[in-house]
Amino acid sequence: MTARLSLYQKAEQELYKLDRSVKGKFYDFCHRFREDPDHPGLDLKPLKGDGRVFRAKIDQSYRALLAKAGVDDKGQENWLVIAVRHRKHVYEELSVAINRITGEIEFVDLSVVGESVLQRAGITLTPTEPEPQPTPEPAPEPAPAAAEPLLTGVTADDLRDLGVADQLIDLALAVTDSDELDQLVTGAPLLSKDILYGLAAGMSLDEVRKEITAPVKVDLGQDYEQDLGAALARTTVTTIDADIQAALDEGDFRAWKVFLHPTQAKLVHHTYNGPARVSGGPGTGKTIVALHRVRHLAEQLPPGHNKPILLTTFTKNLTTDLRARLASLMEPELLARVEIAHIDQLAARVLSENAVKGAVRQRVYDTAALNVLRQLLLELDERRWDAEFLYEEWDQVILGQSIGTRKAYFDARRAGRGRSVTRPERAQIWKILEQFTTRLDKEGLETWGQAAERAARLAMERDAKIRERQEYKEAIGGKDLIHRDDGSGMRFLHHRYRHIVVDEAQDLRAAHWKMLRAMVAPGPNDLFIAGDTHQRIYDQQVTLGTVGVHIRGRSSRLTLSYRTTKEILSRAMQVVNLTGKDLAYDDLDDSTDNLNGYRSVLRGPVPDLVPCTSWDDELAQLAATLTAWREEITTGNGGTGQRRDPRGSIAVCVAERDMVSQVMFHLATKAGITVAELTKDGPKGDGEVHVGTMHRFKGLEYQKLAIVGARDGVIPRTAVIERYRTTDPQRCAREELKARSLLFVAATRARDALRISWHDKPSPYLPV
Ligand SMILES: Nc1ncnc2c1ncn2[C@@H]1O[C@H](COP(=O)(O)OP(=O)(O)OP(=O)(O)O)[C@@H](O)[C@H]1O
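Here the structure is a predicted model, which is why all the values come from computation and not from measurement. (Residues numbered from 1 in each chain as written. Predicted model: local features only at pLDDT ≥ 70, side-chain atom pairs only at ≥ 80, totals over all residues.)

Chemist: Can you tell me about the overall build of the protein, naming the residues and giving the values?
Modeler: In terms of helices and strands, the protein carries 29 helices and 27 strands. Relative to the compact-globule value of 27 Å for 768 residues, the protein shows a C-alpha radius of gyration of 30 Å, a close match. In terms of overall dimensions, the protein has a C-alpha envelope of 95 × 80 × 50 Å along the principal axes. Buried positions account for 42% of the 768 residues belonging to the protein. (Helix = DSSP H or I, 4+ residues; strand = E, 2+ residues; numbered from the N terminus. Rg over C-alpha atoms; globule rule 2.2 N^0.38 Å. Buried ≥ 20, exposed ≤ 12 C-beta atoms within 10 Å, placed from the backbone.)

Given below as structure tokens:
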């Protein structure tokens, strides 16, 4: 009889860590097992635990642990590989269970639980193939004196109700410190791990129930515990040959493509009755969820050749990154149904489609437009207002709210703008800004903010026409509108997209949102928004409700970081910790957001905080660190790990623009390290180490990251803070918040190693 073989997520992760030769043998094993699971060479035998787990021979040393999940209609047996390990670590007590919350198959790996915890919980493990013992085993140490349990205020019933695997409950209650907990959860199913870490991080039972358990709860029938076949259908597994082969070849870099965390999967597959938003700290998988969401939506589309799905984000280099990742996740035919464009590119496209001949304007960045305003103020001898204040008033209040008349400006809300302005002052400001926009116009210039506004207006006009046509059609009982449509092109008018997915949403302008809102018909799954306001590094605070994007009741938060180690995360959190400040992070709507429960299960070295005596000293020490990092990566940590090409794994993030070229020059000429500048379009060239300013690092990640020049006066900038400290305290606080977010974004790009250096005084936000 042949068998169908699937691979449990944890088994796949174990495989990554095995030697290449064992991986190869495992692959052969899969082939042989599929052909005939009862072949004597495989030596398939049940363990004594609950009789549902079997072991089979991969080679002399390695065993596969498998669970039999029934036989299908064609008589084919369904088997799940739950673990791959050395025969020394296979115990009779191992068993599988079906989780009462998720209904998925769970395997609790007792072999990794610490000896002392097992003793306290009264569990002894029996090896299936005991090693010959040359000397008698010493009598086991008596269990250490009982210390206070780590998890207080929770009972076994609480843990059971939340969804912790039965086998882990007594063990979890016997744990007395976080190292023991770390060891326990290494072999724990995902949901148990989340719950136990959540409780240990101080989440209340209610919070865990709401944020961790409820999102993954499914309705299970009466006898669900016996039906492994049904449970297998609910469990995320790798099934086909090619998948297993790819997993073995690509290692854990591809994990995100196959295995979504249950909380992530829920968000990906849910049907939302309108715009939905997912938030969460850095590295919690918001982008991964957005990418899978695009695939999910594409899979539901009726056949066609158009592109009814838009995936958009704030910057160009992130768009390149998203495109590459999506291409590796989706079949080309499905990918062809997705438009991938950054938000300014989208606005530019709308404008060019509607361009009047001869009226093309050159689009400029804010600094260029600000210079035009400065020149104008000089010519007018205008000293009552400084150029930055006026520019922001224009960009954020007038453009931000699409204000077209002096009267509307008198009534405008100026929330978050700091100093108030009286009616006569508004009259002065309006007059100056009118002259400013006329000047821009005359010079044939347009800012990206203006372009976004114009694009939004055009998209909204188109939306209004579509609605009007729709309403008319409904009013006449759904008949064809041949006469009305004739020759006007109206018949072909429809919303550009059926679904829009937005990443890094926290930095989009009000006009961008208006444009996006108008590009998709309101309805199920219209807008899916991923973002984290703790990472807002541009000045665009938007309340989505005011631009027609209503997310209330459809917001979710991810809390588990997959990128950053606990050690990096705890330092980074201190940067954005606003305790005692009269400031808060918004939730993109009219409430606040926080990072409660944000945590990581990854461990690594504590970040290095390095004081230097001068900039030259900083450069020299940086070069030494990078040389060591490169060595670690290329030699696979001195031969203990996987060897890798260091290109694209290491980056240097600088606090000031000028430092980019200085760092690049120093590394290339004095340290023999090849470099690539991180530009708007991504890394330029294929140098080993990427170098860029903090803004360029948005949304990216590196194995090892150095931040240089993190000193007081630069983060935050003295000039900016001094300008507003007395004149506009609210603005001053906003600038501080932005500077904190920038450092937070930079620090959380690091996966395993983070090093932050400065000379003179450190930035006040650094935890030193
Ligand atoms: N389910 C998963 N399995 C394995 N890896 C995952 C999973 N989800 C996320 N990751 C990994 O975690 C890292 C961070 O994911 P992602 O970029 O989506 O986070 P993010 O929340 O968008 O971060 P940021 O806000 O910092 O941009 C990536 O390396 C990704 O591959």
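Chemist: How would you sum up unusual backbone geometry? Please name residues and give values.
Modeler: When glycine is set aside, most residues are seen to have a negative phi, and most peptide bonds are trans. Going from isoleucine 715 to proline 716, the amide bond is cis rather than trans, its omega being 0°. By the secondary structure assignment, proline 716 is in the loop between strand E26 (702-708) and helix H28 (718-725). Non-glycine residue aspartate 43 carries a positive phi angle of around 50°. Take aspartate 43: it is sitting in the loop between helix H2 (20-35) and strand E2 (45-46). The backbone phi angle of aspartate 381 is positive, close to 55°, even though this residue is not glycine. Residue classification places aspartate 381 among the exposed positions, given that 6 C-beta atoms sit within 10 Å.

Chemist: Give me the lowdown on helix H21 (residues 448-475), citing residues and values where you can.
Modeler: Side chains of residues three or four places apart in an α-helix project in the same direction, reflecting 3.6 residues per turn. Between its first and last C-alpha, H21 extends 40 Å over 28 residues, near the 40 Å set by a 1.5 Å rise per residue. Three or more residues of H21 are buried, namely Gly449, Gln450, Ala452, Glu453, Ala455, Ala456, Ala459 and Asp463. Elements in contact with the buried residues of H21: helix H16 (343-353), helix H18 (387-399), strand E13 (445-447) and helix H23 (510-519). Among the residues trailing H21, glycine 477 stands out with phi positive, at a value near 80°. (Expected span 1.5 Å × (residues − 1). Contact = placed C-beta atoms within 7 Å.)

Chemist: Give me the domain arrangement of the protein: which residues, what numbers.
Modeler: In terms of domain boundaries, the protein breaks down into domain 1 (3-147 + 217-234), domain 2 (260-351 + 452-558), domain 3 (362-443) and domain 4 (599-759). Between domain 2 and domain 4, the C-alpha centre-to-centre distance is 33 Å. Contacts between domain 2 and domain 4 engage 14 residues on the former and 14 residues on the latter. The element best represented in the side of domain 2 that touches domain 4 is helix H14 (residues 316-329), accounting for 5 residues. (Domains from an automatic or database assignment.)

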